[in-house]
Amino acid sequence: MRFDIISCQPDLLESPFSHSILKRAQQKGLVEVHVHDLRKYAINKHGQIDDYAFGGGAGMVMMIEPIDKIITELQEQRTYDAIIYMTPDGETLNQQTVNKLSLLQNVIILCGHYKGVDERVRQHFVTHEISIGDYVLSGGELGAAVLADAIIRIIPGVLNDESSALTDSFQDGLLAPPVYTRPATYKGMKVPDILMSGDAPKIEKWRFEQAVERTKQRRPDLLDD
Ligand code: ADE
């Protein structure tokens, strides 16, 4: 899968893709991540990519021309399955959307800034609008990193233990059950006996019950769905 991320603060995206699972996914050739500096497509030599909003009001608006130029250039090189705009008024991201997007080949992610992009960008280029939650970030970059991370970790071959992504919270509509590791007793706090029993079917059943209980307690809305 290939990600082309368009940003006016590309440095913000350096670290998330240079470590751990996301780095290994790229090294294994399973994923390509290309971050593009929108300022290279500025309308003048001053690097202008935004302007005042027509009709007045505080805040700058990202102009259509630089975005058109870079998207057109990318589309001349390959076909894109999705052009995703990161924005707080987009559809709230969930595991179901992540799973769907993980099946795509080539994806552009456009990071918004300031008051957002000229509405014509959304109308004519963008295919998906995604928010990572009901709060406002300084820009779309951190949201883009969250989205790409969630997608990349479920691409087959990315995680060493294939079953690991499938047992994540949300994958079966439930939160994940509690987990424990050594020592079996720490300062008098004991790991549940069942996990030490070696009885795999019983452990499986216990984990399922715990997942249901945890979901009931913390996220009953997931059970409604
Ligand atoms: N840009 C600013 N806030 C955002 C959010 N909550 N999700 C995605 N992109 C954003």
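About the cut-offs
Per chain, residues are indexed from 1 in the order of the written sequence. In view of the model being predicted, local features appear only for residues whose pLDDT reaches at least 70, and side-chain atom pairs are presented and counted only at 80 or more, with totals across whole chains, interfaces and linings using the full set of residues. Water and hydrogen atoms play no part in the side-chain values, which are based on all heavy atoms of the structure. Proximity criterion: a residue is near a molecule or strand once any of its heavy atoms comes within 4 Å of it. Counting of polar contacts relies on pairs of N or O atoms within 3.5 Å, with two restrictions inside protein: one atom must be capable of donating a hydrogen and the other of accepting it, and residues adjacent in sequence are counted only when both atoms are side-chain atoms. Per-residue and other accessible areas were derived by the Shrake-Rupley procedure at a 1.4 Å probe size, with only the shown protein chains allowed to occlude residues. Every helix listed is a DSSP run of H or I at least four residues long, and every strand listed is a run of E at least two residues long, numbered separately from the N terminus. When DSSP finds two or more bridges between two strands, those strands count as paired. Angular values range over 0 to 180 degrees, each being the angle between N-to-C directions of two axes fitted as lines to C-alpha atoms, with helices fitted over their stretch in contact. Throughout, a residue-residue contact means that at least one pair of heavy atoms, one from each residue, lies within 4.5 Å. Each domain's extent is set by a domain assignment, obtained either automatically or from a database. We count a salt bridge whenever a side-chain nitrogen from Lys or Arg sits within 4 Å of a carboxyl oxygen from Asp or Glu. Relative accessibility decides the category of a residue: with a 1.4 Å probe and only protein chains considered, values under 20% of the type maximum give buried, values over 50% give exposed, and everything between is partly exposed. UniProt positions are given in the numbering used here, feature names are shortened, and annotations may be inferred rather than shown by experiment. Take the buried residues of types Ala, Val, Leu, Ile, Met, Phe, Trp, Tyr and Cys, join any two whose side-chain atoms come within 4.5 Å, and each joined set is a nonpolar core.

**Thoughts on the site of the ligand**
Here is step 1: The immediate surroundings of the ligand are formed by Met 86, Thr 87, Pro 88, Ile 130, Ser 131, Ile 132, Gly 133, Tyr 135, Val 136, Leu 137, Gly 139 and Gly 140.
Here is step 2: In this structure, a nitrogen atom belonging to the ligand sits 3.0 Å away from a main-chain N or O atom of Leu 137.
Here is step 3: Protein coverage of the free-state accessible area of the ligand, which is 260 Å², stands at 97%.
Here is step 4: Among the secondary structure elements, those contributing two or more residues to the shell around the ligand are strand 5 (82-92) and strand 7 (128-131).
Here is step 5: The element that contributes the greatest number of residues to the shell around the ligand is strand 5, accounting for 3 residues.

**Observations regarding the sheet that holds strand 5**
Here is step 1: Read from one edge to the other, the open sheet built from 5 strands follows the order 2-1-6-5-7, with strand pairing classed as parallel. Since the sheet does not close on itself, it has two edges, and those belong to strand 2 (32-37) and strand 7, each with one partner. Taking the axes of each pair of neighbouring strands and ignoring which way they run, one obtains an average angle of 30 degrees across the sheet.
Here is step 2: Across 6 bridges, the pairing between strand 1 (residues 2-7) and strand 2 is parallel. Directly across from Arg 2, in strand 2, lies its bridge partner Glu 32.
Here is step 3: Sheet contacts for helix 2 (residues 64-77): strand 1, strand 2, strand 5 and strand 6 (106-111); angle to strand 1, the most-contacted strand, approximately 165 degrees.
Here is step 4: Across the sheet, helix 5 (residues 141-152) lies against strand 1, strand 2, strand 5, strand 6 and strand 7, angled at about 175 degrees from strand 1, the strand it touches most.

**With respect to the domain arrangement of the protein chain**
Interfaces are frequently sized by the accessible area removed from exposure as the parts join.
Here is step 1: You can read the domains of the protein chain as domain 1 (2-152) and domain 2 (167-224).
Here is step 2: Using C-alpha coordinates to define each centre, domain 1 is positioned 37 Å away from domain 2.

**Section: the pattern of salt bridges**
Here is step 1: Applying the stated criterion to the full structure yields 11 salt bridges.
Here is step 2: Here Arg 2 makes a salt bridge to Asp 4, at a shortest N to O gap of 2.8 Å.
Here is step 3: Here Arg 2 falls in the buried class, since its relative accessible area comes to 13%.
Here is step 4: Linking Glu 209 and Lys 205 is a salt bridge whose minimum nitrogen-to-oxygen distance equals 3.1 Å. Separated by 4 residues within a single helix, Glu 209 and Lys 205 lie in helix 7 (residues 200-218), roughly one turn from each other.
Here is step 5: Via salt bridges that share partners, Arg 2, Asp 4 and Glu 32 belong to a single interconnected network.

**A few points about the side chain of Thr 87**
Here is step 1: Along the chain, the position of Thr 87 falls in strand 5.
Here is step 2: Thr 87 sits in the buried class, given a relative accessible area of 8%.
Here is step 3: Of the polar contacts made by the side chain of Thr 87, one reaches the side chain of Asp 89; its length is 2.6 Å.
Here is step 4: Beyond its immediate chain neighbours, meaning those up to four positions away, Thr 87 contacts Arg 122, Glu 129, Ile 130 and Ser 131.

**A look at the environment of Asp 134**
Here is step 1: Relative to the helices and strands, Asp 134 resides in the loop between strand 7 and helix 5.
Here is step 2: Classification of Asp 134 as exposed rests on a relative accessible area of 72%.
Here is step 3: Put simply, Asp 134 and Pro 88 are 46 residues apart on the chain and 6.6 Å apart in space, counted from C-alpha to C-alpha.

**Some thoughts on the UniProt feature "binding site: S-adenosyl-L-methionine" (unreviewed entry) in the protein chain**
Here is step 1: Using the residue numbers shown here, the UniProt feature "binding site: S-adenosyl-L-methionine" (unreviewed entry) corresponds to Gly 112, Ile 132, Gly 133, Asp 134, Tyr 135, Val 136 and Leu 137.
Here is step 2: Classification of Val 136 as exposed rests on a relative accessible area of 70%.

**Quick notes on the nonpolar core**
Here is step 1: Counting residues in hydrophobic clusters, the biggest one holds 31 residues, and the most contacted among them are Phe 3, Ile 5, Leu 147 and Ile 152.
Here is step 2: Of all the secondary structure elements, the ones that give two or more residues to this core are strand 1, helix 1 (20-27), strand 5, helix 3 (95-101), strand 6 and helix 5.
Here is step 3: The biggest single contributor to this core is helix 5, with 7 residues.
Here is step 4: Apart from residues no more than four positions distant in its own chain, Ile 152 is found in contact with Phe 3, Phe 17, Leu 22, Ala 25, Val 31, Val 33 and Val 158.
Here is step 5: Counting residues in each nonpolar core, the second largest holds 20 residues, with Cys 8, Tyr 41, Leu 110 and Val 121 among its members.

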